[in-house]
Amino acid sequence: MRLTTKSALYAGTLLATALVLNPAIAMAQEQNEERDQDDKTPSATPEDGIVVTGFRQAFNKALDRKRNADQVIDVITNEDIGQFPDQNVTEALQRIAGVSIQRNNGEGELVSIRGLDPIFTRVEIDGRTTTITADSSNPERSAVLSPLVSDLYSSIEVVKSPTAADVEGGIGGTVRLNTPSPLEIGKLTFAAEAGVNYSEYRESTEPNVLGFYADTFANGTLGVLAIVSYEEQSRRVDLYQNNPYFTIGEGDLDDDSDPAQLALVGGVVTDRSRQEQRDGDRQRFNASVKVEYEPNDDLFLSLNGFLARDERDEDRSRIQAQWGRGNVTGGTIGPDGETLDTATFRRHRVDLNTFNRIATIESYGVTGDVSFTPDAWTIDVNANYGQSEEDYDEYVVQSRINRDSAGGYDITQSARTPVNFTDAASLALEDIDVRSLNFEQRIISLEEYSGRTDIAYEFDSPVLRAIQFGGRYSSTRFDRLQGVIQSDADLTLADAPDANYVVDNSFGRGAVDGILGLWPSTDPFTFYNAFPSTEEFSFNDEQVYFVEEEVFAGYGMLKFDGDVGGQDLRGNIGVRYVDTGFTGEGRIDVDSADFGEILIDDAPALDATYQDWLPSANVVLAFGEDDNVLFRAAVARVLTRPTIEEINPSIDLNFDDQDGSRGNPELSPFRAWSYDAGVEIYFGEGSEGLFSATFFYKDVENFIAPTQIIESYGFPEEGIAQQDYLINTFENGGAAEIYGVEVNFQTPFTFLPAPFDDFGVFANYTYTDSSFTNSLGNTFSFPGASEHVANLVGYYERGIFSTRLAYNYRDDFLIVPSSAADGSNASFGQGAGRFDFAARLRFDNGVRVNFDVLNITEEQEYNYFDTPNRLDDLTFEGRVFQFSIGYRY
């Protein structure tokens, strides 16, 4: 990351503030109830063990969960009832070793575990499958977690080595989001909190509230819990994007007799530059309700429901220059000897587009569970229903100045500070024709029913702890609907009710000489409703399809725990059998300049099945004083099913170009052997310290990669002749592998003299090496895999006050592999680090005050093609400040 002087001063000021507050906090603490000076742990309620404050205590709870688990697992726990260390589930997960996140509009959305793409991460809420799409063109398996508020959860687990009882699907791992249990809380508890979010870049302040209630009835046998969260956000994001680059040939020059232009042949320029501003509002509502009943030691019943609703209304204003559609008139080749760091063009094409996107993302689920424990038996029956839907409306204005402009770009200062210019941006509104004025709607939905039964028998044995077996059935449907209608009116931008020239991307730099900051724009919602389409809306897009997935699974597992040679040995060994079946239907779309677009509703039906045996074993060997040293080892056969896009039964054909695309219903799943081996050393007072190192290796088979094949299609009933097409599709490729090491270290500094004994540190580092080879013979790292990922969290706690400064870093990573024969134009994300700050006051009377600063150093997201000076995507969103005050009883 680039730590500027301003940013460094800002971070230093926050730290200094925390240290200056130390004497005042110490005085406030003396005025509160005294505590034992030898006890360095934060206060807790001894009746139920529920911790009411502290980053340190959250770290300790997570450490206990990790230590006692039979699997390779990492955990984050809440600081307090309704209080999580990070405001977003994805942002919280990035603190875990081996976990990295992908952002959209500056906010964490998708989770990668050990360098594997988010499609390899399974997500569960209270054991129920959770898949949420947002701003997505297809229903998929990877879950967008930004609609989920972290304060609803008591803990988040990342499981890296499965047991036979765990639901398959996550080669990378499984994220488990766990809501609190009212019977474990065990008494009347309620909390309320209200606050504000301030987006510095947009200069807007928005409210947020949270309510929590839990209580028990009927002599403590019936528990009820409810959590509700609502927040508003108002954000601005500036973007600068380029398309892939091309090599200049003589035919790309404006004058191939000009020696200066001829000197540029062989240089590399971007095909297209785009600037965009995204400005919008968002309302996010989360709710969780849980009822538990335990009339005796042999019977437990629970019912819980969850709802997440995310409403987004966003305006996007965009100008893009298609340099590749014009002629090169000049430029200079940069230090790398290839890329032009300045370039000018004539007769290029310019598009002026505005969008109004209104999206409602809703996910909800219900889980019922009955557990019966007669004698040594445990019988657990579980039923789930879950649904997620993104309903997406978009109004679009598209205008074009076709091959009648002059302009160019300049990145001599830095690829991070590009200058883009075109004279098309200054045309009069009446001189800009509207190509299309559209209304589009897309609905992506996922629905799953599942049920499982688990039966266990506990042995009275010094080594064999239990035998467990069970089965699970799930039925999941993925649907995609899309349609578009277009205004019939012949229009220019001057016809728009509110057309204007808008100020756009400055990337937080204020006015910059030469940067494109003004271009024509309008409100597409108002414009469309002034000139609506005469058509009746229907889902008329070629990409209308559904896929149904049905899975039967059964397993058997032995659990053991005993003394072996004077050391404690525990773990499990088992096997899982999975039978997967798919069905689905889609459309064929054939497009030609002569006969237009024809939709055919009889695409080849999707019908595929496959079966898998998935053995697994987890072993933990504990020795040393108080079993403070643990050796862990795990091996498992794991799988991840193909994405819905990859098996989509629809076919898209271009008759004139003789090419097209389709999914591949015959794909086998990704399969892999996963290995883990590591050591954990717990130390310090109360074993609050940890040093651990875990080595991992995944050998992936059937790696799915894009490919091209020749296929023949003809539709005589539609008057379309048979011919060959070059089809873009997917195939199971060769093997791929990923390996690395995770290192964790955390401890409070209780061994140091005052005042340093109130500080502590939490740190981890992950090294990952990965590779796969596509059908063209090009080798890449796994998409999303950074070689180096690190977290460093320093915290301070004394009495009622706690503060935390967290730093997260990941280095460069592949986003999209190249599909070109020479491996060019692969897209990479540049390494970056982020600082986040948090401060807490927890008064003994129940009042709580929170203050957070996100992205202190205003880190930008920067993506590039092949080399860092070939910009792909640059995003700027600025800092966000959060303040809240609440009460807990």
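Residues numbered from 1 in each chain as written. Predicted model: local features only at pLDDT ≥ 70, side-chain atom pairs only at ≥ 80, totals over all residues. Heavy atoms only, no water.

Draft legend 1. Quick peek at the sheet that holds strand β5 (residues 128-129). If you trace the five strands from one edge of the open sheet to the other, you get β1-β6-β7-β4-β5, paired in mixed fashion. Two strands bound the open sheet, and with one partner strand each, they are β1 (73-77) and β5. Strand direction decides the pairing type here: β1 and strand β6 (residues 155-159), joined by five bridges, are antiparallel. Looking at the pairing, T77 lines up with S155 of β6. Those strands touched by helix α2 (residues 55-68) are β1, β6 and β7 (173-178), and its axis lies near 150° from that of β1. (Pairing = 2+ DSSP bridges. Helix = DSSP H or I, 4+ residues; strand = E, 2+ residues; numbered from the N terminus. Contact = heavy atoms within 4.5 Å. Axes fitted to C-alpha atoms, helices over the stretch in contact; angles between N-to-C directions.)

Draft legend 2. Region of the structure containing empty space enclosed by the protein. Tallied over the entire structure, the rule returns 11 cavities of 30 Å³ or more. In this structure, the largest cavity encloses a volume near 470 Å³. R122, T129, T130, T131 and E448 are the residues nearest the centre of the largest cavity, which is lined by 34 residues in total. Contributing elements (two or more residues each) for the lining of the largest cavity: β4 (121-125), β5, β17 (349-372), β18 (377-401), β21 (434-458), β22 (464-486) and β25 (545-564). (1 Å grid on protein atoms, 1.4 Å probe; cavity = no way out; pocket = protein on both sides within 12 Å on 5 of 7 lines; lining within 4 Å. Points joined across faces, edges and corners; volume = space filled by probe spheres on them.)

Draft legend 3. Structural detail: the confidence of the model for the protein. Per-residue pLDDT for the protein averages 86, and the proportion of residues at 70 or more is 91%. Confidence, expressed as mean pLDDT per element, reaches its minimum in the protein at helix α1 (residues 5-31) with 39 and its maximum at strand β30 (residues 629-640) with 96. Counted against residues more than four places away or in other chains, residues 1-52, with its pLDDT under 50, gives 80 contacts. Ignoring residues within four places in sequence, the model shows residues 508-515, a span with pLDDT below 50, making 12 contacts including any to other chains. (pLDDT = per-residue confidence, 0-100.)

Draft legend 4. Summary view of the nonpolar core. By size, the foremost hydrophobic cluster in this structure holds 42 residues, and its most contacted members are Y409 and F527. One finds L152, Y153, L177 and A191 within the second-largest nonpolar core, a separate group that totals 33 residues. (Core = buried A, V, L, I, M, F, W, Y, C linked by side-chain atoms within 4.5 Å. Buried < 20%, exposed > 50% of the residue type's maximum accessible area, 1.4 Å probe, protein only.)

Draft legend 5. Spotlight on the side chain of N628. Along the polypeptide, N628 turns up in the loop between β29 (606-623) and β30. Within the structure, N628 has its side chain in polar contact with the side chain of R67 (distance 2.6 Å). Those residues in contact with N628 that sit more than four places away from it in its chain are R67, F623, E680, I681, Y682 and S687. (Polar contact = N/O pair within 3.5 Å; in protein donor to acceptor, adjacent residues only side chain to side chain.)

Draft legend 6. Broad picture of unusual backbone geometry. Across the junction of A754 and P755, the peptide omega takes the value 5°, indicating a cis bond. Secondary-structure assignment places P755 in the loop between β37 (736-748) and β38 (759-773). For N702, which is not glycine, the phi torsion reads 55° and is therefore positive. Position of N702 among the secondary structure elements: in the loop between β34 (689-701) and β35 (704-715). Even without glycine at this site, D866 takes up a positive phi of about 65°. As for its position among the elements, D866 is in the loop between β46 (861-865) and β47 (871-876). Using a relative accessible area of 27% as the deciding quantity, one classes D866 as partly exposed.

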